[in-house]
Amino acid sequence: MAKAPRNRTLTLTEKERADYKARLLSESDLSIGIDTINKVINADLKKALPFVPDLSADLIIIDPPYNLTKDFHGTTFSSRTEQAYTDYLREWMPDVVAKLKPTGSLYLCGDWRSTSALQQVLSEHLHIINRITWQREKGRGAINNWKNGMEDIWFAVKDPKHYYFNVENVKQRRKVIAPYKTDNQPKDWEDTPHGKFRTTYPSNFWDDISIPFWSMPENTEHPTQKPEKLYAKLILASSKENDIIFDPFLGSGTSCVVAKKLKRRYCGIEINTEYCCWAEKRLFLAEKD
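These figures come from a predicted structure and were not determined experimentally.

Bringing the overall build of the chain into the picture now. Along the backbone of the chain there are 8 helices and 15 strands. For 289 residues, the compact-globule formula gives about 19 Å, and the C-alpha radius of gyration of the chain, at 20 Å, lands near that figure. Taking the principal axes of the C-alpha coordinates as reference, the chain spans close to 70 × 50 × 50 Å. Here the chain, with 289 residues, has 45% of them falling under the buried criterion. Sequence-distant contacts in the chain: of pairs separated by 6 or more residues, those separated by 24 or more amount to 68%. Summed over its atoms, the accessible surface of the chain is roughly 15,500 Å², and 51% of this surface lies on carbon and sulfur atoms. Between the averaged position of the 43 positive side-chain charges in the chain and that of its 39 negative side-chain charges there is a distance of 5 Å.

Looking now at helix 4 (residues 82–97). Its 16 residues give helix 4 an end-to-end C-alpha distance of 22 Å, which sits within 8% of 22 Å, the value for a rise of 1.5 Å per residue. A bend of about 30 degrees at Glu91 is the largest found in helix 4, and the proline Pro94 appears one to four places after it. For helix 4, the complete set of buried residues consists of Tyr85, Thr86, Tyr88, Leu89, Trp92, Met93, Val96 and Val97. Tucked inside the fold, the buried residues of helix 4 contact helix 3 (45–48), strand 2 (57–62), strand 4 (75–77), strand 5 (100–110), helix 5 (115–123) and strand 14 (244–247).

This part covers empty space enclosed by the protein. This model, assessed by the stated rule, comprises 1 cavity of 30 Å³ or more. As a volume, the largest cavity reaches approximately 40 Å³. Considering the residues around the largest cavity, the lining is formed by Thr36, Ile37, Val52, Pro53, Ser56, Ala57, Ile244, Phe246 and Cys267. Taken together, the residues of the lining of the largest cavity sort by class into 7 nonpolar, 2 polar and no charged.

Moving on: the packing of helix 6 (residues 228–238) against helix 7 (residues 254–261). Packing of helix 6 against helix 7 brings their axes to within 9 Å, and their N-to-C directions diverge by 60 degrees. One way to sum up the angle between helix 6 and helix 7 is to call them oblique. Considering how the two elements wind past one another, helix 6 and helix 7 form a crossing that is right-handed. Facing Glu228, Tyr231, Ala232 and Ile235 of helix 6, the residues of helix 7 in contact are Thr254, Ser255, Val257, Val258, Ala259 and Lys261. Considering only residue class, the contact of helix 6 with helix 7 consists of 6 nonpolar, 2 polar and 2 charged.

Here we come to the sheet that holds strand 12 (residues 195–200). Spatial strand order, 8-12-11: 3 strands in an open sheet with antiparallel pairing. The sheet is open, and its two borders are formed by strand 8 (172–175) and strand 11 (190–192), each paired with just one other strand. Averaged over all adjacent pairs, the angle separating strand axes in this sheet is 40 degrees, with direction ignored. Pairing analysis gives 3 bridges linking strand 11 to strand 12, with the strands arranged antiparallel. Bridging from a neighbouring strand, Glu190 pairs with Phe197 of strand 12.

Glancing now at unusual backbone geometry. For His73, which is not glycine, the phi dihedral falls at a positive 50 degrees. With respect to the helices and strands, the residue His73 is situated in the loop between strand 3 (70–72) and strand 4. For Asn242, which is not glycine, the phi torsion reads 80 degrees and is therefore positive. Its location among the elements puts Asn242 in the loop between helix 6 and strand 14.

Further remarks concern the state of the cysteines. The tally for this structure, following the rule as stated, stands at 0 disulfides. Looking at the unpaired Cys267, the closest cysteine sulfur is the one in Cys256, lying at 7.1 Å. Take Cys277: it sits in no disulfide, and the sulfur closest to it among the cysteines is that of Cys276, at 6.9 Å.

As a further point, take the pattern of salt bridges. Counted by the stated rule, this structure contains 19 salt bridges. The shortest N-O distance in the salt bridge between Glu124 and Arg90 comes to 2.5 Å. On the criterion of sequence distance, the pair formed by Glu124 in the loop between helix 5 and strand 6 (127–135) and Arg90 in helix 4 is long-range, its members being 34 residues apart. With relative accessibility at 39%, the residue Glu124 sits in the partly exposed group. The network of salt bridges with shared partners includes Asp63, Arg136, Glu151 and Lys226.

The rules behind the values
Residues numbered from 1 in each chain as written. Predicted model: local features only at pLDDT ≥ 70, side-chain atom pairs only at ≥ 80, totals over all residues. Heavy atoms only, no water. Helix = DSSP H or I, 4+ residues; strand = E, 2+ residues; numbered from the N terminus. Rg over C-alpha atoms; globule rule 2.2 N^0.38 Å. Buried < 20%, exposed > 50% of the residue type's maximum accessible area, 1.4 Å probe, protein only. Contact = heavy atoms within 4.5 Å. Areas by Shrake-Rupley, 256 points an atom, 1.4 Å probe, with all protein chains shown as cover. Lys, Arg positive; Asp, Glu negative; His and termini not counted. Charge placed at Lys NZ, Arg CZ, Asp CG, Glu CD. Expected span 1.5 Å × (residues − 1). Bend = angle between axes of the 7 residues up to and from the residue. 1 Å grid on protein atoms, 1.4 Å probe; cavity = no way out; pocket = protein on both sides within 12 Å on 5 of 7 lines; lining within 4 Å. Points joined across faces, edges and corners; volume = space filled by probe spheres on them. Nonpolar A, V, L, I, M, F, W, Y, C, P; charged D, E, K, R; others polar. Axes fitted to C-alpha atoms, helices over the stretch in contact; angles between N-to-C directions. Parallel < 35°, antiparallel > 145°, perpendicular 65-115°, else oblique. Left-handed = near helix turned anticlockwise from the far one by under 90°. Pairing = 2+ DSSP bridges. Disulfide = S-S within 2.5 Å. Salt bridge = Lys/Arg side-chain N within 4 Å of Asp/Glu carboxyl O.

As structure tokens, then:
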């Protein structure tokens, strides 16, 4: 079926799919010692993790399956009890955390159903610094409940006294509602041709980032794709140029794509081959955009 003219959702031709698949690292590639930096690994997480060097990542971004029944293009993750979901997190969390440098940071995504389990398991291995709430403005309305329009991003580090955080990279420009003055001069704000603005410190409530839509070139058919701007804030704040960004649940490749655009190195693991091919095409397009 032909797409609407404004629909920019990423697609692959059969030739592209074959070409991008050839770029992926497989389990057999890992077994012969091929470098994992700036690579997408198409493999089961548990089998691939031993080949990612311990203490190698400056920043880890994790977007695991939430505690919901969801079809990831042929692979279904089933909702389970809170205890069973907690046990699932414990299956891989220690091995993922082992990849983090002593001064590194980790961000862990979840929704309200899974966030208590995420906090519990994360606190077993790292020091939790904060919880970001992202208002994603998507979700079905409910007659007998509040619409679910929020997600959490847990921020944790190995050493709470020694970790990198560059707040200058993520300060925000906010429109001034009450433009106070001192000695008839603007107080902490700037008058511009577009209005009065103040540069402010970012909070842990993010309401200025949209989910990817079909009219955006970053959009794919992945059911839980995160926006590039969301990950850009995490990467700009918690890493430097040339740092290594690791994502053990890569999905359609957002973390690697943003890392590349921001001049970081990357490594991602994803079991779904089609998603990996989407990631490779996005990485190729990022060379020009």
